[in-house]
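Architecture and fold: a report
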Amino acid sequence: MRKQHISKVFIILLFSTAYMLGFSHYGSLAINNIIDTENNFEANTTIGSINISNKTAVEAKDLVKQGTEKWKKDVVIEFTYKETSAIFDAGSFLFNIEKSIGQAQSGRQNLVEVSLKKTAIEEFIPSLSGKVTVASIDQNKLTSDLLASAAILDDGPLVFQLEKYLDGSEEQ
């Protein structure tokens, strides 16, 4: 009887040990799958015009940084007023790449978080034409249109006709 009692205790201890070791091994794998820190963006995910599908946040950050730098270098932003025109410096755009990546929704088209240096338009308008003053331009609308084009990283030549942004106090 004693041998049968010892064998039952041995079998119970063997199964208990196997259960604990198995749970600790496979449990940690299950938790790592649940709390996966290396999440990839799903297919068809873009930020601006940059495809970040199946990329981690770090890889996406590098791609978006390269894309915004290339956009600043390559884009032509032209302002026209009647028959005069001038090229706007794309270096006046400030891209917040961290925020863009953080707010990106997987599987969707997302915009790049962008702002414009506060004095960029005020400094640029007088260089275009002496007839147009900063006060006669609807700066909010112009800034909004500039930022909308920058947020999608529109690479085509961007032409803004200042006549569309006059507030009415200037003769058209």
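My aim in this report is to walk through the structure given alongside it, one point at a time. (Residues numbered from 1 in each chain as written. Predicted model: local features only at pLDDT ≥ 70, side-chain atom pairs only at ≥ 80, totals over all residues. Heavy atoms only, no water.)

1. Thoughts on the sheet that holds strand β2 (residues 50–51)
Taking strand neighbours across the sheet as the criterion, the three strands line up as β2-β1-β6 in an open arrangement whose pairing is mixed. The open sheet has two edge strands with one neighbour each: β2 and β6 (109–110). Bridge count between strand β1 (residues 46–47) and β2: two bridges; the pairing is antiparallel. Counted as the bridge partner of T46 is N51 from β2. (Pairing = 2+ DSSP bridges. Helix = DSSP H or I, 4+ residues; strand = E, 2+ residues; numbered from the N terminus.)

2. Details of the pattern of salt bridges
With the rule as written, the count across this model stands at two salt bridges. Here E98 ties to K61 by a salt bridge, and the two come within 2.4 Å at their closest N and O atoms. In this pair, E98 sits in helix α3 (residues 97–103) while K61 sits in helix α2 (residues 57–74), placing the two residues 37 residues apart along the sequence. (Salt bridge = Lys/Arg side-chain N within 4 Å of Asp/Glu carboxyl O.)

3. What about α2?
Along its 18 residues, α2 runs 25 Å from first to last C-alpha, staying within 8% of the 26 Å computed at 1.5 Å per residue. For α2, the set of buried residues is A60, V64, G67, T68 and W71. Viewed end-on, α2 has its buried residues packed into an arc of 100 degrees, placing them on one side of the element. Exposed positions of α2 whose direction lies more than 90 degrees from the buried face are V58, Q66, K70 and K73. (Expected span 1.5 Å × (residues − 1). Buried < 20%, exposed > 50% of the residue type's maximum accessible area, 1.4 Å probe, protein only. Arc of directions from axis to C-beta.)

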